[in-house]
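Residues per chain are reported as follows:
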Amino acid sequence: MNTLQPHHPQQCQHLMSVTARPADVFVRGEGAWLWDQAGRRYLDWLQGWAVNALGHCPAIITQALQAQSTQLLTPSPALYNLPSLELAQRLCALSGFDQVFFGSTGAEANEGAIKLARKWGRTGGRNGERAARREAGAGAFEIITFDNAFHGRNLATMAASGKAGWDALFPPNMPGFAKATLNDLDSVHRVLSERTVAIMLEPVQGEAGVRPATRAFLQALRELCDERGLLLIFDEVQTGCGRLGELFGFQHYGVKPDILTLGKGLGGGVPMSAVLAQQHCSVFEHGDQGGTYAGNPLMCAVSLAVLQELSQPDFLAQVRERGQQLQEGLLQLSQRHGLGEVRGAGLLWALELGSDNAAEVVRACREQGLLVNAARPHCLRFMPRLNSTAQEVQTGLNILDEVMNQPGSGATESR
Ligand SMILES: Cc1ncc(COP(=O)(O)O)c(C=O)c1O
C-alpha cells in the first residue's frame, strides 16, 4: 500500500541537495513506465540511468528477490554463498574472463580495477610476467585515462575521470592518472612513460554524451598494451550487460581488455557491480579487497536472473533491432528539425540539439510524459529498457517530435 503523503516542498530540506531534481515525486514503476504521486504516467528513457535493463520491477527480478529473501540475505563476505558462486561462474563463462570480485556500485568496481592494476604494476604481475615483458620491471602505477571520461564519484574514480572542473573540487587529488584524448593515439603516446601500468576507458563515453571510441582506436590500444606490457581496462558500467546490443561492449568492438568492470544493468535495479580479470592480472591476495556486501546473495540472485534473460536466444537481436529503430527515428527527427549528430549503439543514444537548450527540452519532454537526460547542455541521451517494444520507441519519438515543434524549443529556431 502506498502510504506516502502528497509531496510538500519542505520535505526536501532533509535530503542533501546534490543534484537538480524536478518537484515531482515518483512512486511506482512497471516496465517502461513510471508514475508520479499525482498519478501521471511517464515513458521512462532514463531507466535509473541505464540500470533497469529489463524495465521497472520485472517479474523475474521481483520473484528472484522474493525467493532469495526467504533463504539468505547477508551471511558474511568471509563465507561462501551459492548465488555468488553461481554468478561468478556464469559471468566468467559468458565473458571469457577468469575471476571476478563483486561490489555494489560502478565506482566501487572501478576502484577495484585501479587497485588491481596498481598491485599488478607493483608486484610485477603474476609470476613476475610484467617484469619479463618490460625492461623497467615492476614499480609502475600510473593509469592513462581520458578527457571527459566518467568512472564514478569516489576520490580515486573522480581523479580517473576527465570531467572539466573536477580537479578543483576536493583537493588534494589522488595522483596516479595521466589524461589523454579519446580516439587520439598520439595523445596516448605523449603521456606514456615508465610509470604507466594501464590504460582505462569506457568503450563509449556515456556521461560525456555518448561518445564512442572507434574500433581502430581500441585495437591500437590493445596492441600498445601488448607491446609495452600494460593492462587494458574497460569500464563497462554503462555499456555492459546488453546496452550496446552485445552482452558486453568489448564484444561489440571485438577487442578484449584484461580487466572489465560492470555495474548498472548487471543488477537490473539493485546495487550490483563486478570487476572481472583475466588470470594473469587477477593478483588480489587476502586482505587486498573486500566489502560488507561483496557478493551479497540477494543481489547475486537478481543478477543471475538478469543474465538468464539477457542470454535468451533472441534478446540481443531485439536490442539491436529496437536500437536501429531508435537511431532511424532520431536521424529523421534531426533532419526534420535541423538538429545535430545522432550517436550511439544498441539502446544507448544521444542527439545533438545544436544549441545549449537541453535542460528546457528535457523539461518539455517531461511535461509531455517522456523522461530523458541532458547528458550535456546541448545533447540529449536516451537509455530505454533493453526489452523496449517497437510501440514504446515510436511513442518516445513522437513525443520528441512534438516537443521539437513547440515554439521556443530552440530546435525550430535553428531550422
Ligand atoms: C561508465 C561509468 N562508470 C562508472 C559509473 C559510476 O557508477 P555508480 O554511480 O554506480 O558508482 C558510471 C555511472 O554513471 C558510469 O556511467
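Trainee: Looking at this structure, I do not really get the packing of helix 2 (residues 59–69) against helix 10 (residues 297–310). What am I missing?
Mentor: The geometry of a pair of packed helices is captured by two quantities: the angle between their axes and the separation between those axes. Relative to each other, helix 2 and helix 10 sit at 145 degrees, their axes nearing to 9 Å. The handedness of the crossing between helix 2 and helix 10 comes out as right-handed. Here helix 2 contributes Ile-60, Ile-61, Ala-64, Leu-65, Gln-68 and Ser-69 to the contact with helix 10, which in turn contributes Pro-297, Leu-298, Ala-301, Val-302, Ala-305, Val-306 and Glu-309. Residue composition of the contact of helix 2 with helix 10, grouped by class: 10 nonpolar, 2 polar and 1 charged.

Trainee: Would you take a moment to explain the packing of helix 12 (residues 358–367) against helix 13 (residues 390–405) for this structure?
Mentor: Direction vectors running N to C along helix 12 and helix 13 enclose 120 degrees, while the axes themselves pass 9 Å from each other. The orientation of helix 12 relative to helix 13 falls into the category oblique. When the axes of helix 12 and helix 13 are compared, the crossing they make is right-handed. Across the interface between the two elements, Val-361, Ala-364 and Cys-365 from helix 12 touch Ile-399, Leu-400, Val-403 and Met-404 from helix 13. A breakdown of the residues in the contact of helix 12 with helix 13 according to their chemical character gives 7 nonpolar, no polar and no charged.

Trainee: For this particular structure, what's the right way to read the sheet that holds strand 6 (residues 177–180)?
Mentor: The pairing of strands in a sheet comes from backbone hydrogen bonds and takes either a parallel or an antiparallel form. Spatial ordering of the open sheet is given by 4-12-11-10-7-5-6, a layout of 7 strands whose pairing is mixed. Pairing within the sheet leaves two strands with one partner each, and these edge strands are strand 4 (99–103) and strand 6. Pairs of neighbouring strands in the sheet enclose a mean axial angle of 20 degrees, with direction left out of account. In this structure, strand 4 lies alongside strand 12 (residues 273–277), joined through 5 bridges in antiparallel fashion. Paired with Phe-102 across the bridge in strand 12 is Ala-274.

Trainee: Help me out: how do you make sense of the site of the ligand in this one?
Mentor: Surveying the vicinity of the ligand reveals 13 residues, the closest of which are Gly-106, Ala-107, Asp-235, Gln-238 and Lys-264. Measuring from an oxygen atom of the ligand, one finds a side-chain N or O atom of Glu-207 at 3.4 Å. It is helix 4 (residues 106–123) that contributes the most residues to the shell around the ligand, 3 residues altogether. Grouping the amino acids of the shell around the ligand by side-chain chemistry returns 3 nonpolar, 6 polar and 4 charged.

Trainee: For this particular structure, what's the right way to read the side chain of Thr-239?
Mentor: Looking at the secondary structure, you find Thr-239 in the loop between strand 10 (231–236) and helix 9 (249–253). Under the relative-accessibility criterion, Thr-239 is labelled buried at 1%. Looking at Thr-239, its side chain comes within polar contact range of the side chain of Glu-236, at 3.1 Å. Setting aside anything within four residues of it in sequence, one finds Thr-239 in contact with Pro-203, Val-204, Leu-244, Gly-249 and Leu-348.

Trainee: Can you help me understand the pattern of salt bridges in this one?
Mentor: When charged atoms on two side chains of opposite charge get close, those side chains can pair. Tallied over the entire structure, the rule returns 15 salt bridges. Among the ionic pairs, Arg-28 bridges to Glu-30, the shortest N-O distance being 3.1 Å. Given a relative accessible area of 41%, Arg-28 falls into the partly exposed group. Given a relative accessible area of 47%, Glu-30 falls into the partly exposed group. Linking Glu-321 and Arg-322 is a salt bridge whose minimum nitrogen-to-oxygen distance equals 3.8 Å. Its relative accessible area of 43% is what places Glu-321 among the partly exposed residues. Through salt bridges that share partners, Arg-211, Glu-341, Arg-343 and Glu-352 make up one connected network.

Trainee: How do you make sense of the nonpolar core when you look at a structure like this?
Mentor: A general trend in soluble globular proteins is that nonpolar side chains are found buried together. Core analysis: the biggest nonpolar cluster contains 94 residues, and Leu-91, Ile-199, Leu-330, Leu-380 and Phe-382 have the highest contact counts within it. Here this core gets 8 residues from one element, more than from any other, and that element is helix 10. Both domain 1 (9–58 + 314–414) and domain 2 (71–310) contribute no fewer than three residues apiece to this core. Discounting residues that sit within four places of it in the chain, Ile-199 has contacts with Ile-144, Phe-146, Val-188, Leu-221, Leu-224, Cys-225, Leu-230, Leu-231, Leu-232 and Ile-233. Ranked by size, the runner-up nonpolar core spans 23 residues in total, among them Ala-140, Ala-156, Ala-198 and Val-283.

What counts as what
Residues numbered from 1 in each chain as written. Predicted model: local features only at pLDDT ≥ 70, side-chain atom pairs only at ≥ 80, totals over all residues. Heavy atoms only, no water. Axes fitted to C-alpha atoms, helices over the stretch in contact; angles between N-to-C directions. Helix = DSSP H or I, 4+ residues; strand = E, 2+ residues; numbered from the N terminus. Left-handed = near helix turned anticlockwise from the far one by under 90°. Contact = heavy atoms within 4.5 Å. Nonpolar A, V, L, I, M, F, W, Y, C, P; charged D, E, K, R; others polar. Parallel < 35°, antiparallel > 145°, perpendicular 65-115°, else oblique. Pairing = 2+ DSSP bridges. Near = heavy atom within 4 Å. Polar contact = N/O pair within 3.5 Å; in protein donor to acceptor, adjacent residues only side chain to side chain. Buried < 20%, exposed > 50% of the residue type's maximum accessible area, 1.4 Å probe, protein only. Salt bridge = Lys/Arg side-chain N within 4 Å of Asp/Glu carboxyl O. Core = buried A, V, L, I, M, F, W, Y, C linked by side-chain atoms within 4.5 Å. Domains from an automatic or database assignment.

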